[in-house]
Amino acid sequence: MAPSFDNETSLFNFVVRDGNGVKGIVDSGISTVPRAYIQPPAEQINKNNATICEIPPIDLSKLDGPEHKQVVDQIVRAAETLGFFQVVNHGVPLELLESLKLTAHNFFGLPAERKAVYRKEVSPSPLVKYGTSFVPEKERALEWKDYISMAYTNDDEALQQWPVECRNDALQYLKTSHQMVTKLLETLLGNLGVELDDSNIDEFIGKKMVNMNFYPTCPNPELTVGVGRHSDMGTLTILLQDGIGGLYVKVPEDSDMKNKGEWVEIPPIPGAIVINVGDMLQVSIHIYIWSNGKYKSAEHRVRTTSTKSRVSIPIFVSPQATQKIAPFPQVVEKDGVARYKEFVFADYMNSFFGNAHDGKKSLEFAKTN
């Protein structure tokens, strides 16, 4: 018989404090979603009303050939309009992508006590955090997600401190994606008249983190969200999603795309990796603020499903915490106005992680008055 989760304190203790996560709730045998996970009607996702994003994936192998300019134009247009695009022939081995998905499922299939040792309050490493939802202490409704977060400093510390069950695949994912990230940044910054080289690359991607997200099957997916509306805080996000789907992006109101203001689903494409711009380029690439708003950090969210548990594995690249962020002077000069103030990235992170997901509200911190 499933335990009762009507009492929010006992639910919080079971899920968060004891490390059972959402998976623990599902494994207990529930038949309906606990009240704490029921989203307000405005936040619920109607799968039947979803429009599929039909933008084809970008072939990155053509960046080094005669079609270079066309591929650059595709990348820049995607960053300026939707802020999301998919890439193929990206240089990350396809067998590694498949192994990552299996590794994520295996990690979250571990007993709760094996995962709970990495809870923020007790983790043996400051690089590793296991958790659930986003900021459970501040959310009106919890998100139907568990995660393990692994911050990167160097290879040795990753191999020593990341969970043994997923460290090898996660580190290989990070390392084999580096060239792709560099090429994308060179393309996006070059379009702004900014040259990327060894002397300044850490200003954009000096901080790196690999997450594994787990979205258990949900008895009432229409009432919940896997992740609420938000934009990513960093420079770029590199996302591997499995074949189940459920990632939605909001088409900006000022876009020249059709479906303005509507949510579109980014469909899984075998072998593809999803790229999204962060709040720092206007973001997932640092580009939003650095570019003075030329590139769009995309508001996105994730639905749940009743049929099969879903995993996704993002890499977040962002500036170092001590990095000062401000629009590029050459972009401000061209635009005639600075839309964002100068700030230290650590302050932006504190604001981002100090609040529940709420669309692109996190960007308010950086705007000029």
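Residues numbered from 1 in each chain as written. Predicted model: local features only at pLDDT ≥ 70, side-chain atom pairs only at ≥ 80, totals over all residues. Heavy atoms only, no water.

(A) Spotlight on the overall build of the protein. Within the protein, the secondary structure is distributed over 12 helices and 15 strands. Out of the 369 residues in the protein, the part that is buried amounts to 56%. Put simply, 75% of the contacts in the protein that link residues at least 6 apart link residues at least 24 apart. Carbon together with sulfur atoms contributes 49% to the accessible area of the protein, which is approximately 16200 Å² in total. (Helix = DSSP H or I, 4+ residues; strand = E, 2+ residues; numbered from the N terminus. Buried < 20%, exposed > 50% of the residue type's maximum accessible area, 1.4 Å probe, protein only. Contact = heavy atoms within 4.5 Å. Areas by Shrake-Rupley, 256 points an atom, 1.4 Å probe, with all protein chains shown as cover.)

(B) Summary view of the confidence of the model for the protein. Chain-level statistics for the protein give a pLDDT mean of 85 and a share of 82% at 70 or above. Residue range residues 283-290 is modelled with pLDDT below 50. Its contacts to residues more than four positions away, or to other chains, number 81 contacts. (pLDDT = per-residue confidence, 0-100.)

(C) Focus on empty space enclosed by the protein. Applying the stated criterion to the full structure yields one cavity of 30 Å³ or more. Looking at the largest cavity, its volume works out to about 50 Å³. Lining the largest cavity are Cys 53, Ile 55, Leu 82, Phe 84, Phe 85, Gln 86, Ile 266 and Pro 267. A per-class count over the lining of the largest cavity returns seven nonpolar, one polar and no charged. (1 Å grid on protein atoms, 1.4 Å probe; cavity = no way out; pocket = protein on both sides within 12 Å on 5 of 7 lines; lining within 4 Å. Points joined across faces, edges and corners; volume = space filled by probe spheres on them. Nonpolar A, V, L, I, M, F, W, Y, C, P; charged D, E, K, R; others polar.)

(D) Just the nonpolar core, in detail. In terms of nonpolar packing, the biggest core is built from 59 residues, with Trp 162, Tyr 173 and Met 212 touching the most fellow members. With residues near it in sequence (within four places) discarded, Trp 162 still touches Leu 127, Val 128, Met 150, Ala 151, Tyr 152, Glu 157, Arg 167, Ala 170, Leu 171, Leu 174 and Val 210. Listed in part, the 15 residues of the second largest apolar core include Phe 84, Leu 239, Met 257 and Val 274. (Core = buried A, V, L, I, M, F, W, Y, C linked by side-chain atoms within 4.5 Å.)

(E) Main features of the sheet that holds strand 7 (residues 227-230). The strand order 1-10-9-12-7 describes an open sheet built from five strands, whose pairing is mixed. Edge positions in the open sheet fall to strand 1 (51-52) and strand 7, since each of these has one partner strand only. Sheet topology places strand 9 (residues 247-250) next to strand 12 (residues 300-302); three bridges connect them, and they run antiparallel. Paired with Leu 247 across the two strands is Val 302, which belongs to strand 12. (Pairing = 2+ DSSP bridges.)

(F) Structural view of the packing of helix 3 (residues 68-80) against helix 8 (residues 178-190). Orientation of helix 3 relative to helix 8, taken along the N-to-C sense of each, is 75 degrees, at an axis distance of 10 Å. Overall, the two elements helix 3 and helix 8 adopt an arrangement that is roughly perpendicular. Note on element contacts: helix 8 touches helix 3 through Leu 184, Thr 187 and Leu 188, opposite Val 72, Ile 75, Val 76 and Ala 79. Broken down by class, the residue content of the contact of helix 3 with helix 8 amounts to six nonpolar, one polar and no charged. (Axes fitted to C-alpha atoms, helices over the stretch in contact; angles between N-to-C directions. Parallel < 35°, antiparallel > 145°, perpendicular 65-115°, else oblique.)

(G) Representation of the environment of Val 264. You can see Val 264 is positioned in strand 10 (residues 263-265). Val 264 has contacts with Thr 51, Cys 53, Leu 247, Tyr 248, Val 249, Val 251 and Asn 259, leaving out every residue within four places of it along the chain.

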